[in-house]
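Close look at the chain arrangement
Each chain is listed here by its residues.
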Amino acid sequence: GVNAQAVLTVPNTVDQWSVRGDYKITPKDSIFARYSESTQNVLAPSISPLNGLVHEQLGKNVGISYVRIISPNLVEEVRVGFNRPISIAAAQGGGTDIAGSLFSGTSPASAVFGPPLFNFTQNYTSIGGNANAPLDYITTSYSLADNLTIIKGAHTIEVGAGGRHMFFKEINAYEPRGLLSFNGEYTAGPGNVNGNPIADFLLGLSNSASINQGNYTGWYNSIGYDFFGQDNWRVNRKLTVNLGIRYEYFAPLQEEYNRISIFNPAGDNLLTPDAAIVSQLNSPLIGLDPSSYMFDPDHKNFAPRVGFSYRPFGKTVVRAGYGIFYDTTEFNEYVFPVLNAPFSKSFGATGTVPSPVSMDKLFPVSATPEPAPGIGCLTLNKNSRTPYVEEWNLAIEYELPRNSVLEIGYTGSEGARLNYRHWLTQGVLSNPGPNATVKHLYPNFGYILEDRTGASASYNSLRVRFEKKF
């Protein structure tokens, strides 16, 4: 490990292009269309053969806008959009089922073909494939929006509605080809108390081995829609007021084939919308949740907008604004419910000197996906709400002599219900002191990592701007 060093070339090829056309159909009707595409290929090699990653980023985007001047005071715009970003991270040397030629129980899917990973202690470099590949994200979304601008006296009113349909596919395979570790314990002796991990490897004796088997792919879809209205009101020559309200709804993603399960604290078990497998297993660790949502929908996402611009006297202007802006759950977290029992399962073994883990017996495949006590779980919190951020600002601008401007402003924001990860299997300490005990709330699980909403963030800033036109 100390001597295995090199400066590696990392080729990064990026191509981007875009084309747009504008057409004025009549004096009152116009349309434009745009198509954009990008490709990026990055090889992130490793000094260890076949341990690198091959990244591929693809993007396609289509935008179409139609504008109709209904009257001098009434304008309508209809927009259609298509967006498809793709991110692929594949194991270097993939395409050949090297792991399947060495072991049983590895995945038969060609997407995860490649070498297993062998880890060694005592400053030896790991060899084999990357444990976190493939890692693919494929998103496709369609959007439609209709906006109307109405000018009536001192009021400029904007109203609109929009909708989108999103499809999301994720392939997240962790250790699909197997991970074996060697620490030298089987070749240790009086003359060499630490042994040699490479010698253990040559004997085919591992101190630990693990693999993830089963499903690692999620096919998700969701719909969303929004409505808004805003009035930009010029009260007089000194004061303009902006008042608006926006409503947004984005449904929690649903897995098309119901191959998901989430943790249920009330029953110390997993819940899945797949009724067939619940009936088949008839296990106290698996229950039915017919909703198919991984967390409950949130229908209360109202976002006000308030602002003003005021010239109290002379060359001084005061501006202020406030708004609420909603976010969505990080899509990476949606892989959590895919990697749980009974759709995905893992095998792990730890060896001892009397009973080593023999490479000749890897990897066993259980006849049934029925979970057993002590399983691990990655989950989303069923009661999660939509994250949002409140933002506000206040600025005073003053025109100085000789074509100069000075502005002093304050900007602040407060994030609420933000996503964070939490270990539910942390023990609860009771009876502090020499007789202290630790109570585990969910004894059926070895670990539970949960994504939930409830984190917060705040930001405050003072800004000063001086500008002079020469």
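The present account deals with the structure reproduced in this document. All values reported here derive from a predicted model rather than from experimental measurement.

**Description of empty space enclosed by the protein**
With a probe scaled to a water molecule rolled over the atoms, the places where space remains empty come into view. The tally for this structure, following the rule as stated, stands at two cavities of 30 Å³ or more. As a volume, the largest cavity reaches approximately 50 Å³. Lining the largest cavity, in full, are Ile260, Ser261, Ile262, Leu271, Thr272, Pro273, Asp289, Ser291, Ser292, Tyr293 and Met294. Residues belonging to the lining of the largest cavity are distributed by class as follows: six nonpolar, four polar and one charged. The calculated volume of the second largest cavity comes to roughly 50 Å³. If you go around the second largest cavity, the residues you meet are Pro115, Pro116, Leu117, Gly129, Asn130, Ala131, Glu175, Pro176, Arg177, Gly178 and Leu179. For the lining of the second largest cavity, the class distribution of residues is six nonpolar, three polar and two charged.

**Details of the pairing of strand E11 (residues 208-214)**
For a regular strand, side-chain orientation follows a simple rule: the groups alternate between the two sheet faces. Bridging between strand E9 (residues 179-182) and E11 involves three bridges; their strand directions are antiparallel. Paired with Leu179 across the bridge in E11 is Ser210. Bridge analysis of E11 against strand E20 (residues 344-350) gives seven bridges, and the strand direction is antiparallel. In the strand pairing of E20, Asn212 is matched with Ser346.

**Here's the deal with the sheet that holds E11**
Pairing in this open sheet of five strands is mixed, and the strands run E6-E5-E9-E11-E20 from one edge to the other. Edge strands, defined here as strands with exactly one partner in the open sheet, are strand E6 (127-128) and E20.

**Here we look at the side chain of Asn340**
With respect to the element layout, Asn340 can be found in the loop between strand E19 (316-326) and E20. A residue is classified by how much of its surface remains accessible, and Asn340, at 0% relative accessible area, is buried. Separated by 2.5 Å, the side chain of Asn340 and the backbone oxygen of Leu378 make a polar contact.

**Topic: the side chain of Glu255**
With respect to the secondary-structure elements, Glu255 resides in strand E14 (residues 254-255). In this structure the side chain of Glu255 is engaged in a polar contact, spanning 2.9 Å, whose partner is the backbone nitrogen of Asn258. Residues in contact with Glu255, not counting those within four places in the same chain, are Thr217, Gly218, Trp219, Tyr220 and Ile260.

**A word on the pattern of salt bridges**
A pair can form between side chains of opposite charge whenever their charged atoms are brought close. Inspection of every chain in the model, using the stated rule, returns 15 salt bridges. Measuring nitrogen to oxygen at the nearest pair gives 3.8 Å for the salt bridge that ties Asp298 to Arg385. You can see Asp298 sitting in the loop between strand E17 (286-288) and strand E18 (302-313) and its partner Arg385 sitting in the loop between strand E22 (375-380) and strand E23 (388-400), a full 87 residues away along the chain. Put simply, Arg452 and Glu450 hold a salt bridge, and the shortest N to O gap is 2.8 Å. The pair Arg452 / Glu450 is uniform in exposure class, with both members buried. The network of salt bridges with shared partners includes Arg319, Glu397, Glu407, Arg463, Arg465 and Glu467.

**A few points about the packing of aromatic side chains**
Enumeration according to the criterion identifies 23 aromatic pairs in this entry. On the basis of an interplanar angle of 70° and a centroid distance of 5.4 Å, the ring pair of Phe118 and Phe201 is categorised as edge-to-face. With a gap of 83 residues between them, Phe118 in strand E5 (residues 117-120) and Phe201 in helix H2 (residues 197-203) connect regions that are remote in the sequence. When its relative accessible area of 25% is taken as the criterion, Phe201 is described as partly exposed. Centre to centre, the rings of Phe347 and Phe363 are 6.1 Å apart; their planes meet at 75°, and the pair counts as edge-to-face. Here Phe363 lies in the loop between strand E21 (357-358) and E22 and Phe347 lies in strand E20, a separation of 16 residues in the sequence. Of the aromatic side chains, those joined through ring pairs into one cluster are Tyr137, Phe168, Tyr220, Phe295, Phe331 and Tyr334. One cation-aromatic arrangement involves Arg20 over Phe32; the distance from NZ or CZ to the ring centre is 3.9 Å.

Rules and cut-offs
- Residues numbered from 1 in each chain as written.
- Predicted model: local features only at pLDDT ≥ 70, side-chain atom pairs only at ≥ 80, totals over all residues.
- Heavy atoms only, no water.
- 1 Å grid on protein atoms, 1.4 Å probe; cavity = no way out; pocket = protein on both sides within 12 Å on 5 of 7 lines; lining within 4 Å.
- Points joined across faces, edges and corners; volume = space filled by probe spheres on them.
- Nonpolar A, V, L, I, M, F, W, Y, C, P; charged D, E, K, R; others polar.
- Pairing = 2+ DSSP bridges.
- Helix = DSSP H or I, 4+ residues; strand = E, 2+ residues; numbered from the N terminus.
- Buried < 20%, exposed > 50% of the residue type's maximum accessible area, 1.4 Å probe, protein only.
- Polar contact = N/O pair within 3.5 Å; in protein donor to acceptor, adjacent residues only side chain to side chain.
- Contact = heavy atoms within 4.5 Å.
- Salt bridge = Lys/Arg side-chain N within 4 Å of Asp/Glu carboxyl O.
- Phe/Tyr/Trp six-rings, centres within 6.5 Å; stacked < 30°, edge-to-face > 60°.
- Lys NZ or Arg CZ within 6 Å of the ring centre and 35° of its normal.

Structural measurements only, silent on function.
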